[in-house]
Amino acid sequence: MTTAGLIPVLRVEGSHREVGEQVGRATADTIRRSVEAVRETPQPGRSFADQMALAEAYRAVTAQALPWLIDELDGAAVAAGVDPIELFAASVEEIWAQRPSQAAIGPRSSSPEATSPAPGRCSDLLATASATADGHTLVAHTNDLPLGTEAEVVAIEWHVPGDPVVFSLGVGPWISVGWNDAGLSLTGDELRPNDERIGVPRLLMVREQLTKRTLADAVAAALRPDRASSYNTLLAHRDGGVVEIEGSATDAEILAPDTDGTLAHTNHYVAPRMEGYEGDPAQARRSAIRYQRARDLLRQAAREPGSVSPEVLRTLLSDHANAPESLCRHAAPGESSKTVFWCIADVHAGRIVFGRGNPCISIAQTYTFA
């Protein structure tokens, strides 16, 4: 049984400008809604002009650091018929309470809780060689976003000369998770660091990280000194390396799998040294419920070495304990988000299984790198 259809897979090829234009044409409705949200979403104490001035400051840093990325995003803006500055503003999560890049279609609840800001909520589960049935590294992820966003999830296969082939999942032109044919896997979870600053937006940094061929280069991109803030970024490579980066704008801690070869993360800082950067203690307490459940499930699954498989991980992703703070989050009264997609990647094999909506009921799709 399923309540959602297949995620469309878009293939784009050419220069950065050309792939941007192709993504912009294909996701024009999503881009236009996001730009409308830029215009219509007030921020406490700041006017629209103030927001655009802030966006320009972030754009100036990004243009200097990653001009090809600006070219790609501008191509998407022109193809979708929107102002490039406004599309860039929609990409700067750091300046918004309600994310324009998460603007969604579909019915919305009228409850106060459901109309309050709904940050992206994600859960990551990983098992390395000692825990998996075939000795491969497996990464599993659920992505929770505002109600209605589910309809806008898209998969994109990116072909840019000189770069690795990238496969990504996200909303419109924005990447949530991705992989490349050099063997890199990137997933992660949104954090709320309290030291955000003008710099390269964290949402756009994901695109750069996926152009890297080695784990070390991807880590360096995630830790670039001119970053505006950071996600919790989980990087794995088919060479067996795994790095989890709990970052803020000015600091970071590197975490590793547990002794049983497993690792879990949700939407709060767990490294003691990083706890002082927590900008949303209330959300952190809710996230901790999912985190503890994910750790317990993984540890139980890995009690016997070599027992974790993609099928086991999908069962874990489908867990409903502690709802609404469950790994598989369903729409519920008073809640403003649900699981809009899920994925399980065999990093060594370059194979990603994914689906729209909740993992407990959706149709599984498969992408494999050539």
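Quantities reported herein were computed from a predicted structural model and do not represent experimental measurements. (Residues numbered from 1 in each chain as written. Predicted model: local features only at pLDDT ≥ 70, side-chain atom pairs only at ≥ 80, totals over all residues. Heavy atoms only, no water.)

Another aspect to go through is the confidence of the model for the protein chain. Model confidence for the protein chain is summarised by a mean pLDDT of 93, while 94% of its residues fall at 70 or above. Contacts from residues 106-118, a stretch scored under 50 in pLDDT, to residues over four places away or in other chains number 19 contacts. (pLDDT = per-residue confidence, 0-100. Contact = heavy atoms within 4.5 Å.)

Put simply, side chains in a regular strand alternate between the two faces of the sheet. Within strand 4 (residues 153-159), seven of the seven residues are buried, which leaves the element mostly enclosed by the surrounding structure. Two strands pair when backbone bridges link them, and strand 1 (residues 9-13) and strand 4 are joined in this way by five bridges, in the parallel orientation. Paired with Leu-10 across the two strands is Ile-156, which belongs to strand 4. For strand 4 and strand 5 (residues 166-171), the ladder comprises six bridges, and the chain directions are antiparallel. Bridged to Ala-155 within strand 5 is Leu-169. Counting the residues that bridge the hairpin from strand 4 to strand 5 gives six residues, and of these Gly-162 lies at a positive phi of roughly 90°. (Buried < 20%, exposed > 50% of the residue type's maximum accessible area, 1.4 Å probe, protein only. Helix = DSSP H or I, 4+ residues; strand = E, 2+ residues; numbered from the N terminus. Pairing = 2+ DSSP bridges.)

Next up on the list: the packing of aromatic side chains. Taken as a whole and assessed by the stated rule, the structure comprises four aromatic pairs. Aromatic pair Phe-167 and Tyr-367: ring centres 4.0 Å apart, planes at 5°, arrangement stacked. With a gap of 200 residues between them, Phe-167 in strand 5 and Tyr-367 in strand 14 (residues 365-368) connect regions that are remote in the sequence. Of the two residues, Phe-167 and Tyr-367, neither departs from the other in class, the shared state being buried. A network of ring pairs unites the aromatic residues Phe-167, Trp-179, Phe-354, Tyr-367 and Phe-369 as a single cluster. Lying over the aromatic face of Trp-158, Arg-207 brings its terminal NZ or CZ to 4.3 Å of the ring centre. (Phe/Tyr/Trp six-rings, centres within 6.5 Å; stacked < 30°, edge-to-face > 60°. Lys NZ or Arg CZ within 6 Å of the ring centre and 35° of its normal.)

Right, let's talk about the nonpolar core for a bit. In this structure, Val-12, Leu-87, Phe-88, Ile-156, Trp-158, Leu-235 and Ile-245 are the most contacted members of the largest nonpolar core, which totals 52 residues. In this structure Leu-235 touches Leu-184, Ser-185, Leu-186, Leu-215, Ala-218, Val-219, Gly-241, Val-242, Val-243 and Ile-245, once residues within four positions along its chain are discounted. (Core = buried A, V, L, I, M, F, W, Y, C linked by side-chain atoms within 4.5 Å.)

All told, the structure shown has 30 salt bridges when counted by the stated rule. With a closest N to O distance of 2.7 Å, Arg-273 and Asp-251 form a salt bridge. Note that Arg-273 is positioned in the loop between strand 11 (262-265) and helix 9 (281-301) and Asp-251 in the loop between strand 9 (242-247) and strand 10 (252-255), a separation of 22 residues in sequence. Overall, Arg-273 belongs to the partly exposed group, its relative accessible area being 44%. By relative accessible area, Asp-251 is classed as buried at 18%. A salt bridge links Arg-329 to Glu-325; the shortest N-O distance between them is 3.0 Å. By relative accessible area, Glu-325 is classed as buried at 5%. (Salt bridge = Lys/Arg side-chain N within 4 Å of Asp/Glu carboxyl O.)

Its 18 residues place the ends of helix 3 (residues 48-65) 26 Å apart at the C-alpha level, agreeing with the 26 Å of an ideal helix rising 1.5 Å per residue. Residues of helix 3 that are buried: Gln-51, Met-52, Ala-55, Tyr-58, Arg-59 and Thr-62. The buried residues of helix 3 all sit within an arc of 125° when viewed along its axis, so they share a single face. Facing away from the buried side of helix 3 by more than 90 degrees, the exposed set consists of Ala-49 and Gln-64. Next to the buried residues of helix 3 lie helix 2 (28-40), helix 4 (67-80) and helix 5 (84-90). (Expected span 1.5 Å × (residues − 1). Arc of directions from axis to C-beta.)

Looking now at the environment of Pro-257. Among the structural elements, Pro-257 can be located in the loop between strand 10 and strand 11. On the accessibility criterion, Pro-257 (25% relative accessible area) is partly exposed. Counting along the chain gives 15 residues from Pro-257 to Val-242, while the straight-line C-alpha distance between them is 7.7 Å. In contact with Pro-257, not counting residues within four places along its chain, are Leu-126, Thr-128, Val-242, Thr-262 and Leu-263.

Our next topic: the packing of helix 9 against helix 10 (residues 310-317). Between two packed helices, the angle of one axis relative to the other and the distance separating the axes together describe the packing. At a closest axis distance of 11 Å, the pairing of helix 9 and helix 10 adopts a crossing angle of 150°. It follows that helix 9 is roughly antiparallel to helix 10 by the angle criterion. Remark: the crossing between helix 9 and helix 10 carries right-handed chirality. Contacts from Leu-297, Leu-298 and Ala-301 of helix 9 reach helix 10 at Val-312, Leu-313 and Leu-316. Looking at the contact of helix 9 with helix 10, its residues break down into six nonpolar, no polar and no charged. (Axes fitted to C-alpha atoms, helices over the stretch in contact; angles between N-to-C directions. Parallel < 35°, antiparallel > 145°, perpendicular 65-115°, else oblique. Left-handed = near helix turned anticlockwise from the far one by under 90°. Nonpolar A, V, L, I, M, F, W, Y, C, P; charged D, E, K, R; others polar.)

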